[in-house]
Every structure is written in structure tokens, then in C-alpha cells.
Amino acid sequence: MLNLSHNNLSGSIPPSLGNLQVLEQLDLSFNNLKGEVPTEGIFKNNATSALIDGNQGLCGGPLELHLLACPVMCLDSSKHKLSILLKVVIPSVILLLLVVAISVLSFRRQKQKAKDISLPSFGREFPKISHSDLARATEGFATSIGSVYRAQLFHDGKLVAIKVFSLETRGAQNSFITECNALRNVRHRNVVDILTACSSIDPNGNDFEALVYEFMPRGDLHNLLYSTPDSECSSYFIPLVQRLNIMVDVSEALAYLHHHHQGTIIHCDLKPSNILLDDDMVAHVGDFGLARFKFDTTSPSLVDSTSTSSLAIKGTIGYIAPEYAAGSQVSTAADVYSFGVVLLEIFIRRSPTDDMFKDGMTIAKLTRDQLPR
């Protein structure tokens, strides 16, 4: 005998109970059982051997139990739903996923093709150029000065300087974007003028980015300053007044970038190699790859880390303001310090990293010691 009555049992009655050969009395009454009652073993003997009263959810079983027939539609409905799921829903989902995947791939391919003629948003119209245009103009990027190539790109035959960014170098992508952002709305006679840009794909499928500038025939101030005495563009033949005029041009560029542009631009890497000279020896400040920006007119002099284009403070040793090393905020004063170093350098013709500057001696200290007291 097995008495499981009043036990709050739930679920269906296990058909295996009907296989127990020596079971003579089974009491499952007053539980929460539901589902079809088995028809074998003790359940088909007689109505008194298996007591199932008080279970509202039971159905079917031997006729002697006088239970309602189990609804056949429940099972058929489940099978029907499963059939619909297998035959309709799942294939539809798979088809939808395939369509989405194909659309994404197609979009990426079209985007990649369109990248040949896409340009950063400069806020004005620029001629559209591709990698093949630049390769043709530079004869396959055959000769260069560093990463800068000289070429005749446009129909007017005017020489241009093409600066190619080595994207394998860490930070090159950020430098390209930063320089685009810095120069897109700049208009000043002493800032290098950008002619157009190229963000494209080379024949090997690699990303390619370059900026095209107005060509500066006299090169940069560093090469001019440290040329040999017999050189065609030797600094020995730069009159004092002309050196002063160069620094006046640079000061005009900084004043514009710091105070007269729609937002403060801090160059962060002012040095002779970033000062370019045209045929008339007019100076133009270039290379804004490390520039910082501030568009809050209430505090134009300071640029905090949240509003800058690069998280790490970078620059060139010898020209970086001392407060950089102490972790101070980047400010327009940093450019002024670099300007002062260049000002001293152009007159005494000594680089701040010259071997003579050691054991506490700096270009500023050397100059200060030479001044009469």
C-alpha cells in the first residue's frame, strides 16, 4: 500500500506506478496533480485500488474513474506550434540575418570605395583627390624629405607639398585628424594654408591619409638656420633684420591662433622645423599634429584634458615648457615659452639640445648670463 494523499504533490502521475506488480492500494487524493491518468497496472484494476479524488487537473484514465477526457487539441496545438516554429519562424529569422549580413558587407564595400573621394569636414570646399592622384603626381612617392613630397598636383602647375602620414606609427591617425581640425577654418598669412586632404586606400588595401599644403620654396627655418657657410641658403647671409621679421611673422601667427580665431588653438610643438618660409622669406607656422583646442570663450587661455585632441602631452625636448613635466594644464603660455626658445635660437644659432647645454646650463640661462647687468 502507498498513501501519498494530502502531500501538495504537483505535476503528472508517473506511468511507472502502474508497473509495480505488488502494489495493491494507491492513494493520491487531495494533491495538485494534473494531466492524464495512466491506464496500466493498478489504475485499470478497479476504481477503489487507485484513489485520486481532490486533484482538479486530472483527466482521461480508465472509464471506471469517470474523469473528463483529456483535450486532444492541446497536444496537437503544441505540435502545430512546433511545426510552425521549425518550418516558418526559424527559416525567416535565418533569411533576415542573411539579408542584414549582406547589407552590412555591401555598405562596407561601398564605403571603402567612397573613401577614395571622402575628405574630412573642413567647413569649405576642397578639390577631391585619391591615392592614385597623389601617386601619379609624386611618381610613385619616389623622393621625399621625410614624409613630405613635392609635386605638381593641379592643372595650374603650382607646386604643392604632400604630407603623408605613416599610419603604422602610433598616434599618426590622431595627428591627421587633429591637423585637419586645426586648419579647416584657419585663415592667416603666417599659417600654412591647407589645399586639400586625402583619406583613401592604397593598392594593397591599407588605409592612406595625406594632407596637401602650399609649397614653401625656402624650406623650414631649421635647415636654413643650420646650413653650411657655402650653402645657397646659408643662415650666415640672413640679415639681422630679416631674422627679426621671421619672428614677427611667427608672433603674428600665434596671436591669431590664441586670440583672434573662433576658438583658441595651442600649437604645442613650435620649433624651427615647423616654421616654413616662402620665396619672400615670410614665415608660416605649420605641423598642427599635436595641437590642442579650446572653444570656451570664457577662459580662452587654458585648455584642460577633457577638451583636447590628445590625452598625452607631447612635444619636442628643448622647446617644451617646464610646467609640462609638472603636470600643469596646457595653456597659451606654453606656446609663448617655445616662441622664446626659438627667438633665442635664431639669434645665437644654438639649438636648445646642443651639447653645450648640460649640467644645468640651458639656452635661456646662457643668454641671461651674457646680458649686461
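Refer to the structure presented above.
How each quantity is defined
Residues numbered from 1 in each chain as written. Predicted model: local features only at pLDDT ≥ 70, side-chain atom pairs only at ≥ 80, totals over all residues. Heavy atoms only, no water. Helix = DSSP H or I, 4+ residues; strand = E, 2+ residues; numbered from the N terminus. Buried < 20%, exposed > 50% of the residue type's maximum accessible area, 1.4 Å probe, protein only. Contact = heavy atoms within 4.5 Å. Areas by Shrake-Rupley, 256 points an atom, 1.4 Å probe, with all protein chains shown as cover. Disulfide = S-S within 2.5 Å. Pairing = 2+ DSSP bridges. Patch = residues over 30% accessible without salt bridge, like charges linked within 9 Å, V, L, I, M, F, W, Y side chains within 5 Å. Salt bridge = Lys/Arg side-chain N within 4 Å of Asp/Glu carboxyl O. Axes fitted to C-alpha atoms, helices over the stretch in contact; angles between N-to-C directions. Parallel < 35°, antiparallel > 145°, perpendicular 65-115°, else oblique. Nonpolar A, V, L, I, M, F, W, Y, C, P; charged D, E, K, R; others polar. Phe/Tyr/Trp six-rings, centres within 6.5 Å; stacked < 30°, edge-to-face > 60°. Core = buried A, V, L, I, M, F, W, Y, C linked by side-chain atoms within 4.5 Å. Polar contact = N/O pair within 3.5 Å; in protein donor to acceptor, adjacent residues only side chain to side chain.

K.L.:
Please provide a residue-by-residue account of the overall build of the protein, values included.
P.N.:
Tallying secondary structure elements over the protein gives eight helices and 16 strands in all. Counting across all 373 residues of the protein, residues that qualify as buried make up 37%. For the protein, the share of sequence-separated contacts (at least 6 apart) that also reach a separation of at least 24 residues comes to 56%. When the accessible surface of the protein is summed, it comes to about 22200 Å², and 57% of that surface belongs to carbon and sulfur atoms.

K.L.:
I'd like to hear about the state of the cysteines, residue by residue, with values.
P.N.:
Inspection of every chain in the model, using the stated rule, returns one disulfide. Between C59 and C70 runs a disulfide, and the two sulfur atoms are separated by 1.9 Å. Every disulfide takes its handedness from the sign of the S-S torsion; for C59 and C70 that torsion is 95 degrees, giving right-handed. Here C70 lies in the loop between β6 (57–59) and α2 (72–114) and C59 lies in strand β6, a separation of 11 residues in the sequence. Taking the relative accessible area as the measure of exposure, C70 reaches 22% and is therefore partly exposed.

K.L.:
Give a description of the environment of S147 that names residues and reports values.
P.N.:
Structurally, S147 is set in the loop between α3 (131–137) and β7 (148–152). C-alpha separation for the pair S147 and A210, spaced 63 residues apart in sequence, amounts to 9.7 Å. Beyond its immediate chain neighbours, meaning those up to four positions away, S147 contacts I162, K163 and V164.

K.L.:
Give a detailed account of the sheet that holds strand β4 (residues 32–36), specifying residues and quantitative values.
P.N.:
Across the sheet, three strands lie side by side as β2-β4-β6; this open sheet has parallel pairing. The sheet is open, and its two borders are formed by β2 (10–11) and β6, each paired with just one other strand. Strand direction decides the pairing type here: β4 and β6, joined by three bridges, are parallel. Bridge assignment links E36 to a residue of β6, and that residue is C59.

K.L.:
Residue-level account of a nonpolar patch on the surface, with values.
P.N.:
Taken together, the side chains of L240, L244, V248, F347 and I348 define a hydrophobic patch exposed on the protein surface, amounting to about 420 Å² of accessible area. When residues of the nonpolar patch are traced back to their parent elements, those giving at least two are α6 (240–260) and α7 (332–348). For the nonpolar patch, the leading source of residues is α6, giving three residues. Relative to the elements of secondary structure, L240 occurs in helix α6. Accessibility expressed as a relative area gives 60% for L240, which makes it exposed.

K.L.:
Got a sec to walk through the packing of α6 against α7? Specific residues and values, please.
P.N.:
Contact geometry of α6 with α7 gives a least axis separation of 11 Å together with a crossing angle of 175 degrees. Classed by the angle they form, the pair α6 and α7 counts as roughly antiparallel. Residue-level inspection shows L240, R243, L244, I246, M247, V250, S251, L254 and H258 of α6 in contact with α7, the latter providing T332, D335, F339, V342, L343, I346 and F347. Split by residue class, the contact of α6 with α7 holds 11 nonpolar, three polar and two charged.

K.L.:
Provide a residue-level description of the sheet that holds strand β10 (residues 207–214), including the pertinent values.
P.N.:
The strand order β7-β8-β10-β9 describes an open sheet built from four strands, whose pairing is antiparallel. Of all the strands in the sheet, just β7 and β9 (194–201) have a single pairing partner and so form its edges. Across this sheet, the average inter-strand angle for adjacent strands is 25 degrees, counted without regard to direction. Of the pairings in the sheet, the one linking strand β8 (residues 159–164) to β10 comprises five bridges and is antiparallel in character. Within β10, the position partnered with A161 by the bridge is Y213. The sheet strands contacting helix α4 (residues 172–183) are β8, β9 and β10, and the helix crosses β10 at an angle near 35 degrees.

K.L.:
Lay out the packing of aromatic side chains in plain terms, naming residues and giving numbers.
P.N.:
Two measures describe an aromatic ring pair: the distance that separates the ring centres and the angle between the ring planes. Overall, the coordinates contain three aromatic pairs when judged by the stated rule. Taking 5.7 Å as the distance between ring centres and 50 degrees as the angle between the ring planes, the aromatic pair formed by F141 and F208 counts as tilted. Placement of F141 in the loop between α3 and β7 and of F208 in strand β10 is noted, with a sequence separation of 67 residues between them. Using a relative accessible area of 8% as the deciding quantity, one classes F208 as buried. Put simply, the rings of F141, Y149 and F208 pair up and form one aromatic cluster.

K.L.:
How would you summarise the pairing of β8 if you had to cite specific residues and measurements?
P.N.:
The buried fraction of β8 amounts to five of the six residues, a majority that puts the element mostly inside the structure. Across five bridges, the pairing between β7 and β8 is antiparallel. Bridge pairing links V148 to K163 in β8.

K.L.:
Account for the nonpolar core, naming residues and giving values.
P.N.:
L211 and F288 are the most contacted members of the largest nonpolar core, which has 42 residues in total. Excluding its chain neighbours within four sequence positions, the residues that come into contact with F288 are T178, E179, A182, L183, V191, L257, I265 and H267. Grouped together as the second largest cluster of nonpolar side chains are 14 residues, A135, A151, L153 and V212 included.

K.L.:
For the environment of R350, give the residues involved together with the corresponding values.
P.N.:
Turning to its location among the elements, R350 is positioned in the loop between α7 and α8 (363–370). For R350, a relative accessible area of 38% puts it in the partly exposed group. Each C-alpha atom, one on R350 and one on L225, is 9.3 Å from the other, the two residues being 125 residues apart in sequence. Those residues in contact with R350 that sit more than four places away from it in its chain are Y226, E345, M356, F357 and I363. Engagement of the side chain of R350 in a polar contact is seen with the side chain of D354, the distance being 3.5 Å.

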